[in-house]
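So you can see what is in the structure, the chains are spelled out below.
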Amino acid sequence: DLVATGFVGGTILLHEGVLRELQAISDASDPQRRSRGRRGLDMLVELQKAPTVQFQLVEEAGVIDVEAALVRLARERGAQLITVDHNMAKVAEALRVPVAQINALASRFRVPYTAGDELSVRVVKEGREHGQAVAYLDDGTMVVVEKAAERIGSQVDVRVTNVIQTTTGRMIFAALTDDASAAASTGS
């Protein structure tokens, strides 16, 4: 999408450490992590097919800290760093390396949600607090659903109770609509 919309073009330097990390994530035992790694590899393949993009693989032996290597590489070559990693972007900015933060761009185009909005999500795992479950929107936004731990693996209708914007994106807090309507009808 970034190439098709004209946001990315020209020569892309791809550090071999990024490929190693994507492969390791793709081989992970956790299905969500594995899916994210495979999606990352698929994106690289799509980028390589784009006629407006040329890839240059950067091979460096003995690199342990891939993030530091990426920032150093961009600085040495006068390149712009493209990342979704907020902390790496901050380090690059501190070193006066130009950064394109994909998450910041994507957040500008996300559908805005406010308290009271209703949506349907698939809860996929337990939340931090007792009874909570977590779902994700298509854009990766985390949705924390109260009293939904027993519904993991199910598609549920929820009502947004709060939206928090963080430096790395947004988090949506929600309640099951059937739970909210039951509480309202019993006078709770």
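Keep in mind that what you see is a predicted model, and the values were worked out from it rather than measured.

Draft legend 1. Quick look at the pairing of strand β7 (residues 142–146). In this structure, strand β6 (residues 133–136) lies alongside β7, joined through four bridges in antiparallel fashion. When the bridges of β7 are listed, A133 appears paired with V145. Between β6 and β7, which follow one another and run antiparallel, lie five residues, and G140 among them has a positive phi close to 95°. As judged from the five bridges shared by β7 and strand β9 (residues 169–176), these two strands associate in the parallel manner. Directly across from V145, in β9, lies its bridge partner A174.

Draft legend 2. Local environment of the layout of surface pockets. In this model, the second largest pocket occupies a volume close to 200 Å³. Lining of the second largest pocket is provided by K125, E126, G127, R128, Q132, V134, M142, V144, M171 and F173. Mapped onto the lining of the second largest pocket, the elements with two or more residues apiece are β5 (118–126), β7 and β9. Of the residues assigned to the lining of the second largest pocket, the class counts are five nonpolar, two polar and three charged.

Draft legend 3. Structural view of the pattern of salt bridges. The tally for this structure, following the rule as stated, stands at seven salt bridges. A salt bridge links R20 to E16; its shortest N-O distance comes to 3.8 Å. Of this pair, R20 and E16 both sit in helix α1 (residues 16–26), four residues apart, which is roughly one turn of the helix. What makes R20 partly exposed here is its relative accessible area of 40%. You can call E16 buried: its relative accessible area is 19%.

Draft legend 4. Highlighting a positive patch on the surface. Taken together, the side chains of R33, R36, R39 and K125 make up a positively charged region of the molecular surface. When residues of the positive patch are assigned to their parent elements, the largest contribution, three residues, is made by helix α2 (residues 31–49). Checked against the element boundaries, K125 lands in strand β5. Residue classification places K125 among the partly exposed positions, given a relative accessible area of 34%.

Draft legend 5. Representation of the sheet that holds β9 within the structure. Taking strand neighbours around the barrel as the criterion, the five strands line up as β5-β6-β7-β9-β8 in a closed arrangement whose pairing is mixed. Looking at each pair of strands side by side, their axes are set apart by 50° on average, direction ignored.

Draft legend 6. Representation of α1. Turning to α1, its buried residues are E16, G17, L22 and S26. Those residues of α1 that are buried are in contact with β1 (10–15), α2, β2 (53–58) and α3 (66–77).

Draft legend 7. Spatial organisation of the confidence of the model for the chain. For the chain, per-residue confidence averages 85 on the pLDDT scale, and 86% of positions sit at 70 or higher. Per-element confidence in the chain is highest for β7, whose mean pLDDT is 95, and lowest for helix α6 (residues 177–185), whose mean pLDDT is 56. Between residues 180–188, whose pLDDT stays under 50, and residues either more than four places distant or in other chains, the model counts two contacts.

Thresholds, definitions, all that
Residues numbered from 1 in each chain as written. Predicted model: local features only at pLDDT ≥ 70, side-chain atom pairs only at ≥ 80, totals over all residues. Heavy atoms only, no water. Pairing = 2+ DSSP bridges. Helix = DSSP H or I, 4+ residues; strand = E, 2+ residues; numbered from the N terminus. 1 Å grid on protein atoms, 1.4 Å probe; cavity = no way out; pocket = protein on both sides within 12 Å on 5 of 7 lines; lining within 4 Å. Points joined across faces, edges and corners; volume = space filled by probe spheres on them. Nonpolar A, V, L, I, M, F, W, Y, C, P; charged D, E, K, R; others polar. Salt bridge = Lys/Arg side-chain N within 4 Å of Asp/Glu carboxyl O. Buried < 20%, exposed > 50% of the residue type's maximum accessible area, 1.4 Å probe, protein only. Patch = residues over 30% accessible without salt bridge, like charges linked within 9 Å, V, L, I, M, F, W, Y side chains within 5 Å. Areas by Shrake-Rupley, 256 points an atom, 1.4 Å probe, with all protein chains shown as cover. Lys, Arg positive; Asp, Glu negative; His and termini not counted. Charge placed at Lys NZ, Arg CZ, Asp CG, Glu CD. Axes fitted to C-alpha atoms, helices over the stretch in contact; angles between N-to-C directions. Contact = heavy atoms within 4.5 Å. pLDDT = per-residue confidence, 0-100.

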